[in-house]
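Summary of the model geometry
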Amino acid sequence: GSNGLLVRSADTNFVMNIHGYAQVDGRFYLNDRETANDTFLLRRVRPIIEGTVYDKFDYRLMLDVATGNVTGSSAANNALIDDAYVNARFFNQFQVQVGKYKSPVGLERLKSTADLVFVETGFATQLTPNYDTGVMIHNALFNTPVNYAIGIFNGAGDAGSDDLDVSDEGKDVVGRLFLQPFLNRDVDSLRGLGFGVAGSIGHHNGPLATYKTAGQQTFFSYSTTTTANGSQYRLDPQLFYYWGPFGILSEYVLSSQEVRSTAAGTPPNARFNNTAWQVEASYLLTGEQNTFKTINPLHPFGPVNGGWGAFELALRVQQLSLDKDAFPKYVTSTSAKEATAWGVGANWYLNRNVKLNLDYEATSFRGGSKVKNAVTAHEEHVILSRVQFSF
Amino acid sequence: GSNGLLVRSADTNFVMNIHGYAQVDGRFYLNDRETANDTFLLRRVRPIIEGTVYDKFDYRLMLDVATGNVTGSSAANNALIDDAYVNARFFNQFQVQVGKYKSPVGLERLKSTADLVFVETGFATQLTPNYDTGVMIHNALFNTPVNYAIGIFNGAGDAGSDDLDVSDEGKDVVGRLFLQPFLNRDVDSLRGLGFGVAGSIGHHNGPLATYKTAGQQTFFSYSTTTTANGSQYRLDPQLFYYWGPFGILSEYVLSSQEVRSTAAGTPPNARFNNTAWQVEASYLLTGEQNTFKTINPLHPFGPVNGGWGAFELALRVQQLSLDKDAFPKYVTSTSAKEATAWGVGANWYLNRNVKLNLDYEATSFRGGSKVKNAVTAHEEHVILSRVQFSF
Amino acid sequence: GSNGLLVRSADTNFVMNIHGYAQVDGRFYLNDRETANDTFLLRRVRPIIEGTVYDKFDYRLMLDVATGNVTGSSAANNALIDDAYVNARFFNQFQVQVGKYKSPVGLERLKSTADLVFVETGFATQLTPNYDTGVMIHNALFNTPVNYAIGIFNGAGDAGSDDLDVSDEGKDVVGRLFLQPFLNRDVDSLRGLGFGVAGSIGHHNGPLATYKTAGQQTFFSYSTTTTANGSQYRLDPQLFYYWGPFGILSEYVLSSQEVRSTAAGTPPNARFNNTAWQVEASYLLTGEQNTFKTINPLHPFGPVNGGWGAFELALRVQQLSLDKDAFPKYVTSTSAKEATAWGVGANWYLNRNVKLNLDYEATSFRGGSKVKNAVTAHEEHVILSRVQFSF
């Protein structure tokens, strides 16, 4: 079926589902002063095996074998495995999940990347950890009016993933509280409202994250003499609201990290607070119900049956601001102090398995190098397109 | 069954097939002056998931997890994924394929590597691109009397594969026209005749390909001061002919590339035209129908039922000629100007899933280093053996 | 079911089983002078496809996509594939296996890593090869009273794996004879007794192995000027004994290698004999039958049905002794001459698919650096925990 191969034992205590998805992107920069090349690329190619054993243990294994996703990874196969976890569901209000999976901080981060409204995630998501390894107690993340999660993880850096903590002993405590007060109520206009706050606190040493535009060009890096060294915390108030064909998702993230510099003439210890926010709205022209999860077209595309699939328009505004005190001594000379971006997108869901994205995003910078061909020397104007198929 | 696990929805609109194949090779060089080591190796290990969603969308995902196939790859996981594409088949004469797959240039290249007559592909195939990422319009490559394909790809180098274009903005336009005029006619002796021409034109910067013997020893490399820089084109007239147990496959390839040299005393810009041809004939002793596709033994091997499988003998002659003007300034001092090879092979198809290959190939060189232990100092005599199992 | 997805053709000539397992570990060092970090990690994540084609050909493909397993690998994807083999079973007493699989030397090595009693394998196992590529004739390794195996392999180093022999032409001849004289007899107390001897002999050049503690910290390395250069052999007498809930497994390994040193003032050629032994005992508190293979709890855990799974206690003592003549000229200054360890473990098998391990291991060293923070400066005390789920 449209959900891949699904097999169930007669008593339904054992379930296995083999499926997956692939994203083939085209990236085209509208001015040729860009340092990045126009390219086709495999952005994500993710075979998935998931299921249940002995009725109460859910597991999930998801690989990513695409090159386009290799960012922020130093360990050999680190980028290869995204999910590898088991969730013991003896008590719905007290589930225990162990392994590697998305650290429950960012809201857009917790969306399946197969369900993203825009081709690339936003600035706020860049300040949140990605797939991390650890133990979490929770009652599922979106299923009930009051969703909680608290866990201990290796502690991945901003937008980073982590199989193995090679750089420090410090672990992250991660917590999230998310409310959907009208989830089971008879108020159509409010049922799709969810809001909450998440955060992490821990201790990190080692390399620091870089930050990127929608076109995946790096506009901010710490200098090589600056490393993470000390406590880190994140705070992430977040909100979504879906009503009929309309949807909005917004979050703000503060990521604060103690660093150490070995450069001469630079105070060795400092703490920098980087912040980002994003607001993303979308509207389904063809009357489907908008949702945080997967959008299912009412009339799959087919010249014979006359269906056209679902069409969606989207708009996003976002900003990432680096700590002013980091400039100029702790950062590379090509780093911008702030990036502000807006984008528009048009999505065509041909059916449950095939989806096309077309985005235009414009990013402007404050600070950074103005040298010809520097990323920050001019606005970035990029067309991002995607063909996504799931199986 | 012999084609792996195949599941179909009741209405056949959804199909999933999980299968794959592995090749375990033995390479033995007949004189010990070779620089390469005799070795067992995993040449290809390829799990495959393919199928159809919503009746009209075919997809295919094929990984290669064997070390023996890691050639010409610089990007991290680039060698890991071969196929990742979706093909929209609303109109048979106008299919649209998007993703990563074999660039439709070389004829032998378009054969499944599970169906190769010889253990290693020929010289002409080395001048064609391998798996590339892009968009193609086509009416399938071998199914009709007139097969066309035209596409735009990142543009992989000779024998190269490509997930992501990191070295240049230039894209390749690739085209192929292949005729099988008697495919649906009542002329047995001509039904298996196919011929055509394919080519690519584009713009490339960056590293250039090296060329290898059947024994996978490099006999030609450009010097490190020479890089691709400018337009490239390929021309590939090609032909096969199958009649009963007999088969022949032949092609000629011209690969022409503008290069730039940064070496002192060398003209900075040049264009080099490298050419190769190969002729490969095979004969099935056990009466099976020879074909470009998979050979199916009439009587699977089994001591009980008395079957012996299928036996095939094969012969190949081939030559790769580098542009004379590249010597000596643009190439390494150990590079040969020309390699000429002949080989004989015996294949045993035990059943549809298990196949043994045994080849002997001899390669002689014009030019190149004559220093003791240099690859080009003497003829290469190599035994290549393979156990292939598919599932 | 609990063995993943198993499909069979109607005539049972074709079988395919898709399954796998993942191990999520926590490693915690009890004193903070350790150089290694406390960490969660994915130790092994192994999707498996195995089955039978044409009734007589068994195949198996097993990947390992976890970072935690990347040890001793230099080739790109070398660590990614563990098993890739086909076994022709026309005659049970004369089976032919080709591809990559565990070299039949070490006894604990031949245990599935999903069935390990302790989280990490023992010292003796470190002196045996891991997954190697070659051809083997055998009558299965544990199924009959007299089990033999003899094969030729590329020749992996101690604890090493091998897809492709890049460092030398030398191949290893590997042999094993293992007796279970009471396997089919009516003597309960002796039926689970097995003993035998295995060995390898070959020729190796290139990098030499390092040796590690249970906590995976390296306590012995040859210096970079010392490489393998010449003949190598291993001898491995081995034994297991299972009676009711009780089990013991013991082996001794001698690994002898000719080396070459390029250091000034050091004799260039030498042979070093490294030895190790381990004894491991386990007892199932909940009455299950102990076995070399998978332990199946009588009463799967579940608060509703009142089952608690199976509990096991385990004890291990082990020692690895390096050749005295290697000190100090052929080794790094931080290398210990001997490591002695003891460990206790408690395992909880919740059901056939979920298992928890908790080990404490203490390792003391003779020789090695006594500099603060050196691995060998003090005893290692480590807690190793694991959540394992199979599917």
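Residues numbered from 1 in each chain as written. Chains lettered and ligands numbered in written order. Predicted model: local features only at pLDDT ≥ 70, side-chain atom pairs only at ≥ 80, totals over all residues. Heavy atoms only, no water.

**Side note on the overall build of chain A**
The line we're drawing: Counting from the N terminus, the helices are the DSSP runs of H or I reaching at least four residues and the strands are the DSSP runs of E reaching at least two. The reference for a compact globule is 2.2 Å times residues^0.38; the radius of gyration itself is calculated from the C-alpha atoms. Categorising residues by exposure relies on relative accessible area from a 1.4 Å probe, with only protein chains included: less than 20% of the type maximum marks a residue as buried, more than 50% marks it as exposed, and the intermediate range marks it as partly exposed.
Scanning chain A for helices and strands turns up 3 helices and 19 strands. Here the C-alpha radius of gyration of chain A, 21 Å, is about what a compact globule of 391 residues would show, namely 21 Å. Along the first, second and third principal axes, the C-alpha atoms of chain A reach 70 × 45 × 40 Å. Within chain A, the proportion of its 391 residues that are buried is 61%.

**Topic: a nonpolar patch on the surface**
Residues and elements named next belong to chain A. To keep things clear, this is the line we draw: Each patch is built from residues lacking any salt bridge and having more than 30% relative accessible area; the joining distance is 9 Å for like charges and 5 Å for nonpolar side chains (Val, Leu, Ile, Met, Phe, Trp, Tyr). Residue-level accessible areas treat just the shown protein chains as cover; the underlying method is Shrake-Rupley with a 1.4 Å probe. Any carboxyl oxygen of Asp or Glu within 4 Å of a side-chain nitrogen of Lys or Arg constitutes a salt bridge here.
A grouping of Tyr-252, Trp-277, Val-279, Leu-315, Val-317, Trp-342 and Val-344 is seen on the molecular surface, where their side chains present a nonpolar patch of about 580 Å² in accessible area. Put simply, the parts of the chain that give the nonpolar patch at least two residues each are β15 (269–284), β16 (310–321) and β17 (336–349). Relative to the helices and strands, Trp-277 is located in strand β15.

**Description of the relation of the copies chain A and chain C**
Heads up, the rule is: A least-squares superposition brings the copies together, and it is based on the C-alpha atoms of residues with pLDDT no lower than 70 in both. What makes two residues a contact is simply this: any of their non-hydrogen atoms within 4.5 Å.
When chain A is fitted to chain C, the best match, at an RMSD of 0.0 Å, comes from turning it 120 degrees and sliding it 0.0 Å along the axis. Taken together, these values place the two copies in the relation of a three-fold axis. A distinct binding surface is used by each copy, with only 8% of the interface residues of chain A retained as interface residues in chain C.

**Considerations on the relation of the copies chain C and chain B**
Expressed as a screw transformation, the operator carrying chain C onto chain B has a rotation angle of 120 degrees and an axial translation of 0.0 Å, and the superposed copies differ by an RMSD of 0.0 Å. Little of the interface of chain C is mirrored in chain B, where only 8% of its interface residues are also at the interface.

**A closer look at the interface of chain A and chain C**
To be explicit about the condition: Throughout, the accessible surface (probe 1.4 Å) given up by two parts as they are put together, summed over both, is called the buried area. Counted as a polar contact is a pair of N or O atoms within 3.5 Å, where, for protein atoms, one must be capable of donating a hydrogen and the other of accepting one, and residues adjacent in sequence contribute only when both atoms are in side chains. Throughout, the ten residues Ala, Val, Leu, Ile, Met, Phe, Trp, Tyr, Cys and Pro are labelled nonpolar, Asp, Glu, Lys and Arg are labelled charged, and all others, Gly among them, are labelled polar.
With 39 residues of chain A in contact, the opposing surface of chain C contributes 34 residues. Of the roughly 3100 Å² buried where chain A meets chain C, counting both sides, 76% is carbon and sulfur surface. Inspection of the chain A/chain C interface yields 6 residue pairs in polar contact (both at pLDDT 80 or more). Looking at the side of chain A that touches chain C, the elements with two or more residues in it are β1 (5–8), β2 (15–29), β3 (39–53), β4 (57–63), β5 (81–88), β6 (95–102), β7 (131–138) and β8 (146–153) of chain A. Of the residues belonging to the side of chain A that touches chain C, the class tally is 26 nonpolar, 7 polar and 6 charged.

**Some details on the pairing of strand β5 (residues 81–88) of chain B**
All names here are of chain B. Counted only if it meets this: A pair of strands is treated as paired once DSSP finds two or more bridges between them.
β5 sits mainly inside the fold: 8 of its 8 residues count as buried. Both strand β4 (residues 57–63) and β5 contribute to a ladder of 7 bridges, which runs antiparallel. Directly across from Leu-63, in β5, lies its bridge partner Ile-81. Looking at chain direction, β5 and strand β6 (residues 95–102) are connected through 5 bridges and run antiparallel. What sits directly across from Ala-88, in β6, is Val-96. In this antiparallel pair of consecutive strands, β5 and β6, the connection spans 6 residues.

**A short note on the pairing of strand β7 (residues 131–138) of chain C**
Residues and elements named next belong to chain C. For β7, the buried fraction is high: 6 of the 8 residues fall into the buried class. Where strand β6 (residues 95–102) meets β7, 8 bridges bridge the pair, whose relative direction is antiparallel. Residue Gln-95 lies in a different strand from β7, and its bridge partner there is His-138.

**Observations concerning the interface of chain C and chain B**
Each partner contributes residues to the interface: chain C has 39 residues there, and chain B has 34 residues. Summed over both sides, the interface between chain C and chain B buries roughly 3100 Å², with carbon and sulfur atoms accounting for 76% of that surface. Taken together, the connections running from chain C to chain B amount to 0 salt bridges. Connecting chain C to chain B are 6 residue pairs in polar contact (both at pLDDT 80 or more).

**Describing the pattern of salt bridges**
Applying the stated criterion across every chain yields a total of 56 salt bridges over all chains. In this structure, Asp165(B) engages Lys171(B) in a salt bridge whose closest nitrogen and oxygen atoms are separated by 3.1 Å. By relative accessible area, Lys171(B) is classed as buried at 16%. One salt-bridge network, held together by shared partners, links Glu108(A), Glu280(A), Arg316(A) and Glu361(A).

**Here's the deal with the environment of Val259(C)**
Residue and element names in this part refer to chain C. The topology assignment puts Val-259 in strand β14 (residues 246–261). Of the residues examined, Val-259 reaches a relative accessible area of 1% and is grouped as buried. Sequence separation between Val-259 and Gly-206 is 53 residues; the distance between their C-alpha atoms is 9.2 Å. In this view, Val-259 contacts Leu-208, Thr-226, Thr-227, Ala-228, Asn-229, Pro-268, Asn-269, Ala-270, Phe-272 and Tyr-330; residues no more than four positions away in its chain are not counted.

**A few points about the confidence of the model for chain A**
Rule in force here: The pLDDT value expresses, per residue, how confident the predictor is, ranging between 0 and 100.
Averaged over chain A, the pLDDT score is 93; the fraction of residues at 70 or greater is 96%. Note on residues 69–77 of chain A: pLDDT is under 50 here. Beyond four places in sequence and across chains, it has 18 contacts.

**Here's the deal with unusual backbone geometry**
Phe327(A) connects to Pro328(A) through a cis peptide bond whose omega is -5 degrees. Mapped onto the elements of the fold, Pro328(A) is located in the loop between β16 and β17. Positive phi values are uncommon outside glycine, yet Thr12(B) reaches one of about 60 degrees. Residues other than glycine seldom take positive phi values, yet Gln216(B) does so here, at roughly 65 degrees. Considering the arrangement of structural elements, one finds Gln216(B) in the loop between β11 (211–212) and β12 (218–220).

**Some thoughts on the nonpolar core**
For clarity, the threshold we go by: Only buried Ala, Val, Leu, Ile, Met, Phe, Trp, Tyr and Cys residues count toward a nonpolar core, and they belong to the same one when joined by side-chain atoms within 4.5 Å.
The biggest cluster of nonpolar side chains holds 86 residues, and the ones touching the most others in it are Ile18(A), Val45(A), Ile18(B), Val45(B), Ile18(C) and Val45(C). In this structure, Ile18(C) is in contact with Met16(A), Ile18(A), Ile49(A), Leu5(B), Ile18(B), Asn3(C), Gly4(C), Leu5(C), Ile48(C) and Ile49(C), ignoring residues within four places of it in sequence.

**Some remarks on the packing of aromatic side chains**
Spelled out, the test is: Only rings of Phe, Tyr and Trp enter the pairing, Trp through its six-membered ring, and a pair is recorded when the two centres are within 6.5 Å. The plane angle decides the type: under 30 degrees is stacked, over 60 is edge-to-face, the rest tilted. Whether a charge lies above a ring is judged from NZ of Lys or CZ of Arg, which has to be within 6 Å of the ring centre and within 35 degrees of the ring normal.
Inspection of the entire model under this criterion finds 75 aromatic pairs over all chains. Centroid distance Phe57(A) to Phe90(A): 5.3 Å. Interplanar angle 85 degrees. Geometry classified as edge-to-face. Note that Phe57(A) is positioned in strand β4 and Phe90(A) in the loop between β5 and β6, a separation of 33 residues in sequence. The class for Phe57(A) is buried, based on a relative accessible area of 3%. Judged by relative accessible area, which is 19%, Phe90(A) ranks as buried. A ring pair is formed by Phe272(B) and Tyr330(B), whose centres lie 4.9 Å apart and whose planes are at 70 degrees; its orientation type is edge-to-face. Note that Phe272(B) is positioned in strand β15 (residues 269–284) and Tyr330(B) in the loop between β16 (310–321) and β17 (336–349), a separation of 58 residues in sequence. The same class applies to Phe272(B) as to Tyr330(B), namely buried. Members of the aromatic cluster, connected to one another through ring pairs, are Phe57(A), Phe90(A), Phe301(C), Trp308(C), Phe311(C) and Trp348(C). Over the face of the ring belonging to Phe292(A) we find Lys111(A), whose NZ or CZ atom lies 5.3 Å from the ring centre. Positioned above the aromatic ring of Phe118(C) is the side chain of Arg316(C), whose terminal nitrogen or guanidinium carbon lies 4.4 Å from the ring centre.

**Some details on the environment of Pro267(B)**
Structurally, Pro267(B) can be placed in the loop between β14 (246–261) and β15. For Pro267(B), the contacting residues outside a window of four places in its chain are Ser261(B) and Tyr330(B).

**Some thoughts on the side chain of Asp165(C)**
Mapped onto the elements, Asp165(C) comes out in the loop between β8 (146–153) and β9 (172–179). For Asp165(C), the side chain forms a polar contact with the main-chain nitrogen of Asp168(C), separated by 3.5 Å. At a separation of 3.1 Å, a polar atom in the side chain of Asp165(C) contacts the side chain of Lys171(C). Apart from residues no more than four positions distant in its own chain, Asp165(C) is found in contact with Asn37(B), Asp38(B), Thr39(B), Phe40(B), Asn154(C), Gly170(C) and Lys171(C).

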